[in-house]
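Close look at the chain arrangement
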Amino acid sequence: MGGPTTYAEWCALLDNFGKGGDTVMEELKKGSFKVDAGTASRFYSRVEEVYKKRKQFWLDNFQRSFQFHLLKNEDEFDIALRNGKQNLYPLLTFVSLPAFPEDLRKTLKKDLEDFVLEIKGSLKTNISKVSNGREKMLILLNSFGLFELPQESPPRNSRWKIKTNKKSPPTGRKIIF
């Protein structure tokens, strides 16, 4: 099944994504939409509305993980950060959809990067100044951020060859560290 091509199809899938449905992401990736003068502002507004809704949904869940799980040590803090980072994946995928015009993708990605930096800064300022594990928590916090999406690999039967570096040492021995 192909992705959405009309404004109405996009709206239905965007609404589903805005309500927390990550299953529509594959369809959105396959979608295409020709932005014209009649639908450009409506499409951009709808995408922005859904993006803000999902961002707020992520923030609520992230804050809830800190409130309900009363983090007792650095390991629990690490788990909360890792879960938060992993839950950013749908948002990052959304702002990088190939069907979006380049200017919209750049704007949304910049906003998401700024949002994550703001969250990171807020967490840094709220870490207890006298906590015994403060240094470890700051190190853990430095790893919090957006990650790069994997690039689509070419199909197996394509004419593109993937180069690998699987040379054995001249002696035939492999050194394992």
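My aim in this report is to walk through the structure given alongside it, one point at a time. Remember, predicted model here, so these are calculated numbers, not experimental data. (Residues numbered from 1 in each chain as written. Predicted model: local features only at pLDDT ≥ 70, side-chain atom pairs only at ≥ 80, totals over all residues. Heavy atoms only, no water.)

Focus on the nonpolar core
Note that soluble globular proteins tend to have their nonpolar side chains buried in a common cluster. Residues Trp-10, Leu-28, Phe-94 and Phe-100 are the most contacted members of the largest nonpolar core, which totals 35 residues. Excluding residues within four positions of it along the chain, Phe-100 makes contact with Trp-10, Phe-43, Val-47, Phe-94, Arg-105 and Leu-108. (Core = buried A, V, L, I, M, F, W, Y, C linked by side-chain atoms within 4.5 Å. Buried < 20%, exposed > 50% of the residue type's maximum accessible area, 1.4 Å probe, protein only. Contact = heavy atoms within 4.5 Å.)

So, the packing of aromatic side chains
What describes a pair of aromatic rings is the distance from one ring centre to the other and the angle between the planes of the rings. On inspection of all chains with the given rule, the structure shows seven aromatic pairs. With a centroid separation of 5.5 Å and an interplanar angle of 90°, the aromatic rings of Trp-10 and Phe-43 are classed as edge-to-face. Here the residue Trp-10 occupies a position in helix H1 (residues 7-18), and Phe-43 occupies one in helix H3 (residues 40-68), the gap between them amounting to 33 residues. No difference in accessibility class separates Trp-10 from Phe-43, as the two residues are buried. Centre to centre, the rings of Trp-10 and Phe-100 are 5.9 Å apart; their planes meet at 40°, and the pair counts as tilted. (Phe/Tyr/Trp six-rings, centres within 6.5 Å; stacked < 30°, edge-to-face > 60°. Helix = DSSP H or I, 4+ residues; strand = E, 2+ residues; numbered from the N terminus.)

A few points about the pattern of salt bridges
In the structure shown here, the tally under the stated rule is seven salt bridges. In this structure, Lys-29 engages Glu-26 in a salt bridge whose closest nitrogen and oxygen atoms are separated by 3.4 Å. Pair noted here: Lys-29 and Glu-26 are both in helix H2 (residues 25-30), with a separation of three residues, about one helical turn. Residue Arg-105 is joined to Glu-102 by a salt bridge in which the shortest nitrogen-to-oxygen separation is 2.2 Å. With Arg-105 and Glu-102 both in helix H6 (residues 102-126) and three residues apart, the pair spans about one turn of that helix. (Salt bridge = Lys/Arg side-chain N within 4 Å of Asp/Glu carboxyl O.)

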